[in-house]
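Next come the chains, spelled out residue by residue.
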Amino acid sequence: MPLDPSRTVSELRELADLTGDANGAQRVAWTSTWAKAKDWLGTTLEGLPLAYEVDAAGNEWWTLRGDSDRAVLLGGHIDSVPNGGWLDGCLNVLAAVEVLRRLAEGGTPPLSVRLVNWADEEGARFGRSLFGSSAAAGSMADQDELRQLRDADGVALPDALREHGVELDRALEARSQLEGAVAYLELHIEQGPVLESLGLPLGAVLGTFGVERHRITWRGQAAHAGSTPMDQRRDALAGAAKLALELREIAARVGDGAVLTSGGVTCRPGIVTSVVETAEQLLDMRHLDAAKLASMWDQVRDACERFAAEERLEVEHERIWQIEPILFDETLIGFADEANREAAGTSHRLPSGPLHDAAEVARAGVPTVMLFVQSLRGLSHTKLEDTKPEHLELAVRALDALASKTLAWASSR
Ligand SMILES: [Zn+2]
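None of the values given here were measured: they were computed from a predicted structure. (Residues numbered from 1 in each chain as written. Predicted model: local features only at pLDDT ≥ 70, side-chain atom pairs only at ≥ 80, totals over all residues. Heavy atoms only, no water.)

Caption draft 1: Examining the overall build of the chain more closely. A count of helical and extended segments in the chain gives 12 helices and 15 strands. Over its C-alpha atoms the chain spans a radius of gyration of 24 Å, differing by no more than 12% from the 22 Å that the globule rule assigns to 413 residues. The principal-axis extents of the C-alpha atoms in the chain amount to approximately 85 × 50 × 40 Å. A burial count over the chain gives 55% of its 413 residues as buried. Taking the contacts inside the chain whose residues are at least 6 apart along the sequence as the reference set, 78% of them involve residues at least 24 apart. Summed over its atoms, the accessible surface of the chain is roughly 17,100 Å², and 48% of this surface lies on carbon and sulfur atoms. Positive and negative charge centroids in the chain, built from 41 and 64 side chains respectively, lie 2 Å apart. (Helix = DSSP H or I, 4+ residues; strand = E, 2+ residues; numbered from the N terminus. Rg over C-alpha atoms; globule rule 2.2 N^0.38 Å. Buried < 20%, exposed > 50% of the residue type's maximum accessible area, 1.4 Å probe, protein only. Contact = heavy atoms within 4.5 Å. Areas by Shrake-Rupley, 256 points an atom, 1.4 Å probe, with all protein chains shown as cover. Lys, Arg positive; Asp, Glu negative; His and termini not counted. Charge placed at Lys NZ, Arg CZ, Asp CG, Glu CD.)

And the structure:
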């Protein structure tokens, strides 16, 4: 079967009709709609010479056996957020289905090629993202916390998983699936505005941003809004406000895609007649370069000291969460660029702000790369999520070219 990218677009529409409603996609993992989507996926692969298995974490694997057991992996996730879009996750899977069809037609490939549908990438029901891929990567270390998680209706996570044949205590057995993996390839919508603003359909992804999250607490003195002259105030909000604006300067100094966000400030006493005594400020910082991310934090801390002195405040900070940058494979990034150029005439290298299953696989030591296709208006996780059909078709062609290059490279090693 020759590659038919328009079939991928039709299949995406079919899946949207089957598992979405007026509010968007409803394929939340560990629900009956997710199970329906998986059944449908199984039927689209019927008739191909593939071996099927479900691993201990609920990930589905279809293997086109090659001359060698070493394998190139193509991945995605068919689960969505509630009221999600028609492309996030399932484009990856269905584009890989089309590549598998083309490869199966060509006889036995030099290496095995495996399609994986990761279980619960989004974490929409229980708040734990990358469930299946972190189990396969061996980085899942929070079983005790997972056991306690409940959904909005009070259903415990282990019970919901059991309904879909997955025992939480055995999930890490999925690790054996990455044995023999020589490369992992994933296509995804960008979910941001960069490619559209450059007028480019496709990008090669360099890796996923490292993230640092901190809570910064500014302390001043509550005082009457009428009787306290401006020059005698110790206004905690002034520290937070100065820092919120300083973040722009830090981002500009560090450059290379640095983003810093003051996502919330909670003021106390929080009444109209008082100067703010305490301002609790949330900070999220991201960069692809670990040294630059560290420098961003240094600059934030220096700014905090400076503004605390200027405003006669006390300031404290506390780290809430962090993850290191995860870099994709240089050779595969080169192939991704070539594949994009062959499909669309151009390519653009960019980092990913969001995390993806690919980050877990890369963390496990498997050479990894992702392709991004332009997202219209940068929107995702909403029914407004969209990409032009012609760009989706280019993306399928690019993934196919990337798979061919990767197979040729890996089989010569
Ligand atoms: Zn996704």
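Caption draft 2: Structural context of the environment of Val205. Mapped onto the secondary structure, Val205 falls in strand 8 (residues 202-208). Separated by 15 residues in the primary sequence, Val205 and Glu190 place their C-alpha atoms 9.4 Å from one another. Other than its neighbours up to four places away in sequence, Val205 contacts Phe328, Ile333, Leu350, Pro351, Ser352, Val369, Met370, Leu371 and Phe372.

Caption draft 3: Fine view of the sheet that holds strand 10 (residues 259-268). In space, the four strands of this open sheet follow the order 10-11-9-12, with antiparallel pairing throughout. Every interior strand has two partners, whereas the edge strands, strand 10 and strand 12 (314-323), have only one. Direction aside, neighbouring strands of the sheet carry axes that sit 15 degrees apart on average. Pairing geometry for strand 10 and strand 11 (residues 278-287), over nine bridges, is antiparallel. The partner of Cys267 across the bridge, within strand 11, is Ala279. (Pairing = 2+ DSSP bridges. Axes fitted to C-alpha atoms, helices over the stretch in contact; angles between N-to-C directions.)

Caption draft 4: Broad picture of the packing of aromatic side chains. In total, this model carries six aromatic pairs according to the counting rule given. Ring centres 5.0 Å apart and planes at 45 degrees place the aromatic pair Tyr52 and Trp62 in the tilted group. You can see Tyr52 sitting in strand 3 (residues 51-54) and its partner Trp62 sitting in strand 4 (residues 60-64), a full 10 residues away along the chain. The buried category is assigned to Trp62, whose relative accessible area is 5%. Where Trp118 meets Tyr184, the ring centres are 6.1 Å apart and the plane angle is 50 degrees; that geometry is what we call tilted. Of the two residues, Trp118 sits in the loop between strand 6 (111-117) and helix 4 (131-137) while Tyr184 sits in strand 7 (residues 181-189), which places them 66 residues apart along the sequence. With a relative accessible area of 0%, Trp118 lands in the buried category. Put simply, the rings of Trp30, Trp34 and Phe131 pair up and form one aromatic cluster. Over the ring of Trp34 we find Lys38; its NZ or CZ atom is 3.9 Å from the centre of that ring. (Phe/Tyr/Trp six-rings, centres within 6.5 Å; stacked < 30°, edge-to-face > 60°. Lys NZ or Arg CZ within 6 Å of the ring centre and 35° of its normal.)

Caption draft 5: Highlighting the coordination of the zinc ion. Taken together, the protein donors to the zinc ion comprise His77 (NE2), Asp88 (OD) and His188 (NE2), at separations of 2.1 to 2.2 Å. Here the donor residues of the zinc ion are spaced in sequence according to H-x10-D-x99-H. Here Asp88 lies in the loop between strand 5 (68-76) and helix 3 (90-105) and His77 lies in the loop between strand 5 and helix 3, a separation of 11 residues in the sequence. Judged by its relative accessible area of 4%, Asp88 is buried. (Donors = N, O, S within 2.8 Å, 3.2 Å for Na, K, Ca; no water.)

Caption draft 6: Highlighting the side chain of Asp79. With respect to the helices and strands, the residue Asp79 is situated in the loop between strand 5 and helix 3. Comment: no salt bridge for buried Asp79; closest opposite-charge side chain is Arg27, at 7.6 Å. Here the side chain of Asp79 touches Glu121 through a polar contact of 3.2 Å, landing on its backbone nitrogen. (Salt bridge = Lys/Arg side-chain N within 4 Å of Asp/Glu carboxyl O. Polar contact = N/O pair within 3.5 Å; in protein donor to acceptor, adjacent residues only side chain to side chain.)

Caption draft 7: Structural detail: the packing of helix 10 (residues 330-344) against helix 12 (residues 389-411). Two elements in contact, helix 10 and helix 12, have axes separated by 8 Å at closest approach and are oriented at 135 degrees. It follows that helix 10 is oblique to helix 12 by the angle criterion. Taken as a pair, helix 10 and helix 12 cross one another with a handedness that is right-handed. Residue-level inspection shows Thr331, Leu332, Phe335, Ala336, Glu338, Ala339, Asn340, Glu342, Ala343 and Ala344 of helix 10 in contact with helix 12, the latter providing Leu394, Arg397, Ala398, Ala401, Leu402, Lys405, Thr406 and Trp409. (Parallel < 35°, antiparallel > 145°, perpendicular 65-115°, else oblique. Left-handed = near helix turned anticlockwise from the far one by under 90°.)

Caption draft 8: Broad picture of a nonpolar patch on the surface. A grouping of Leu282, Ile320 and Trp321 is seen on the molecular surface, where their side chains present a nonpolar patch of about 260 Å² in accessible area. Looking at the secondary structure, you find Ile320 in strand 12. For Ile320, a relative accessible area of 41% corresponds to the partly exposed category. (Patch = residues over 30% accessible without salt bridge, like charges linked within 9 Å, V, L, I, M, F, W, Y side chains within 5 Å.)

Caption draft 9: View of the packing of helix 1 (residues 5-19) against helix 12. Relative to each other, helix 1 and helix 12 sit at 120 degrees, their axes nearing to 8 Å. In this view, helix 1 runs oblique relative to helix 12, as classed from their interaxial angle. The hand of the helix 1/helix 12 crossing is right-handed. Along the contact surface, helix 1 presents Pro5, Ser6, Thr8, Val9, Leu12 and Arg13, while helix 12 presents Pro389, Leu392, Glu393, Val396 and Arg397. Residues of the contact of helix 1 with helix 12, tallied by class, amount to six nonpolar, two polar and three charged. (Nonpolar A, V, L, I, M, F, W, Y, C, P; charged D, E, K, R; others polar.)

Caption draft 10: Inspection of the state of the cysteines at higher detail. Applying the stated criterion across every chain, the model contains zero disulfides. Here Cys267 stays unpaired: no disulfide links it, and the sulfur of Cys304, its closest cysteine neighbor, is 15 Å away. When its relative accessible area of 27% is taken as the criterion, Cys267 is described as partly exposed. Using a relative accessible area of 0% as the deciding quantity, one classes Cys304 as buried. (Disulfide = S-S within 2.5 Å.)

Worth remembering: the numbers are spatial, not functional.
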